[in-house]
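# Chains, contacts and geometry: an overview
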Amino acid sequence: MDYELKITGSQLIFTTTSFVAEKGSMLHSGIYNRELASSLASGACIALLGFFFASHGSVTAFHFVLSIVLFVFFFLFFRRYVFIKPYLELVIDKSRAIIEILVKSALIKHRSAYPLSEIDILLDKKTFEPENQDGIRLVEKVALQHGTAIPGFGERSDFYTLELNVGSNRRVMIFSSDDIAEVNEISAKIKNFIER
């Protein structure tokens with residue numbers, strides 16, 4: 001589940017990492033992910049420290065043990081604070097009659113607020129058709145030659161989205177999923193909270 005919805009008194013707090021409707025790359029997510037990026041960044045830091053200590057004296061067993069400990073520390077640091085998955089937080093505060101939307105990633109934090117009376121909740125569907133059929137066939141052939149199958153690669157993708165119309169025909173997507181029942185459930189909970 002890519003979301004959390006909590007109701008406390010006059011506030012509804014909805015947090016999700018699934019707020020963009022995009023297929024992404026099947027190969028990219030399988031090969032290059034946040035853990036690999038954190039490992040590469042940690043390895044680069046250890047290599048730089050290794051060059052520094054090697055140029056200022058001899059390297060001992062203590063330095064090897066220290067490098068393992070530092071690698072783990074850097075990996076956890078990069079994974080937790082640098083290569084984080086962006087998330088959206090929606091706060092509906094009925095006591096103040098506002099809706100706040102916070103989008104947070106590693107370097108960017110964007111907050112906006114809208115009057116509750118001007119918000120409309122909309123459901124939409126976005127379809128992504130594969131564009132380069134020749135490229136898809138080539139990748140599938142190469143994958144099969146290496147004994148690897150890529151399930152779902154090159155297929156059409158449908159995403160159901162939950163959006164807020166915040167005035168002046170401006171829409172803010174707050175949730176996206178390939179499961180329409182999940183989107184309908186969240187939409188019903190938010191609407192029930194606003195209307196009660």
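Here's what I pulled together on the structure shown here. (Residues numbered from 1 in each chain as written. Predicted model: local features only at pLDDT ≥ 70, side-chain atom pairs only at ≥ 80, totals over all residues. Heavy atoms only, no water.)

## Remarks on the overall build of the protein chain
Looking only at helices and strands, the protein chain has 5 helices and 8 strands in total. Going from N to C terminus, the protein chain has its helices and strands arranged as β-β-α-α-α-β-β-β-β-α-β-β-α. By the compact-globule yardstick of 16 Å for 196 residues, the protein chain is too spread out, its C-alpha radius of gyration being 23 Å. Seen along its three principal axes, the alpha-carbon backbone of the protein chain occupies a region of about 70 × 50 × 25 Å. Long-range pairs, those at least 24 residues apart, make up 64% of the contacts in the protein chain with a sequence separation of at least 6. Carbon and sulfur atoms form 60% of the exposed surface of the protein chain, whose accessible area is close to 12,700 Å². Within the protein chain, one finds 21 positive and 22 negative side-chain charges whose respective centroids are separated by 5 Å. (Helix = DSSP H or I, 4+ residues; strand = E, 2+ residues; numbered from the N terminus. Rg over C-alpha atoms; globule rule 2.2 N^0.38 Å. Contact = heavy atoms within 4.5 Å. Areas by Shrake-Rupley, 256 points an atom, 1.4 Å probe, with all protein chains shown as cover. Lys, Arg positive; Asp, Glu negative; His and termini not counted. Charge placed at Lys NZ, Arg CZ, Asp CG, Glu CD.)

## Some thoughts on the packing of aromatic side chains
The description of two aromatic rings rests on the distance between their centres and on the angle between their planes. Within the structure shown, the criterion is met by 8 aromatic pairs. Aromatic side chains F78 and F83 sit 6.2 Å apart centroid to centroid with 45° between the ring planes, which places their arrangement in the tilted category. A network of ring pairs unites the aromatic residues F73, F74, F77, F78, Y81 and F83 as a single cluster. Sitting over the face of the ring of Y81, R80 holds its NZ or CZ atom 5.8 Å from the ring centroid. Taking the ring centre of F193 as reference, the NZ or CZ of K94 above it sits at 5.1 Å. (Phe/Tyr/Trp six-rings, centres within 6.5 Å; stacked < 30°, edge-to-face > 60°. Lys NZ or Arg CZ within 6 Å of the ring centre and 35° of its normal.)

## Here we look at the sheet that holds strand β8 (residues 171-177)
Read across the sheet, 3 strands follow the order β6-β7-β8 without closing on themselves; strand pairing throughout is antiparallel. Pairing within the sheet leaves two strands with one partner each, and these edge strands are β6 (120-128) and β8. Strand-to-strand twist in this sheet, taken as the mean axis angle between neighbours without regard to direction, amounts to 30°. Two elements, strand β7 (residues 157-165) and β8, share 6 bridges in a ladder whose sense is antiparallel. Bridged to Y160 within β8 is S177. (Pairing = 2+ DSSP bridges. Axes fitted to C-alpha atoms, helices over the stretch in contact; angles between N-to-C directions.)

## Description of the pairing of strand β3 (residues 87-93)
Judged by how many residues are buried, β3 sits mostly within the fold: 5 of 7 residues are covered. Bridge count for β3 against strand β4 (residues 98-104) is 7 bridges, and the pairing is antiparallel. From the neighbouring strand, E89 faces β4, where its bridge partner is L102. Linking two consecutive strands that pair antiparallel, namely β3 and β4, is a turn of 4 residues; a positive phi of about 60° is found at A97 within it. (Buried < 20%, exposed > 50% of the residue type's maximum accessible area, 1.4 Å probe, protein only.)

## Thoughts on a nonpolar patch on the surface
Taken together, the side chains of I68, F71, V72 and L76 define a hydrophobic patch exposed on the protein surface, amounting to about 370 Å² of accessible area. Mapped onto the fold, F71 is located in helix α3 (residues 61-82). (Patch = residues over 30% accessible without salt bridge, like charges linked within 9 Å, V, L, I, M, F, W, Y side chains within 5 Å. Salt bridge = Lys/Arg side-chain N within 4 Å of Asp/Glu carboxyl O.)

## So, the packing of helix α2 (residues 34-55) against α3
The N-to-C vectors of α2 and α3 enclose an angle of 140°; their axes lie 8 Å apart at closest approach. For the pair α2 and α3, the sense of crossing is right-handed. Where α2 approaches α3, its residues R34, E35, S38, S39, A41, S42, G43, C45, I46, L49 and F53 are matched on the opposing element by H63, S67, L70, F71, F74, F75, F78 and R79. In terms of residue class, the contact of α2 with α3 is made up of 10 nonpolar, 6 polar and 3 charged. (Left-handed = near helix turned anticlockwise from the far one by under 90°. Nonpolar A, V, L, I, M, F, W, Y, C, P; charged D, E, K, R; others polar.)

## Points about the pattern of salt bridges
Scanning the model with the defined rule gives 8 salt bridges in all. In this structure, the salt-bridge partner of D93 is R96, at a minimum N-O distance of 3.0 Å. D93 gets classed as buried once you look at its relative accessible area, which sits at 5%. A salt bridge links E100 to R96, with the shortest nitrogen-to-oxygen separation between them at 3.5 Å.

## Quick word on the sheet that holds β3
If you trace the 5 strands from one edge of the open sheet to the other, you get β1-β2-β3-β4-β5, paired in antiparallel fashion. Whereas interior strands pair on both sides, the edge strands pair on one side only; in this sheet they are β1 (3-8) and β5 (109-115). Averaged over neighbouring strand pairs, the angle between their axes works out to 10° when direction is ignored. When β4 meets β5, the two strands line up antiparallel, connected through 7 bridges. Bridging from a neighbouring strand, L102 pairs with R111 of β5. On the sheet, helix α5 (residues 180-195) packs against β1, β2 (11-16) and β3 and is oriented at approximately 15° with respect to β1.

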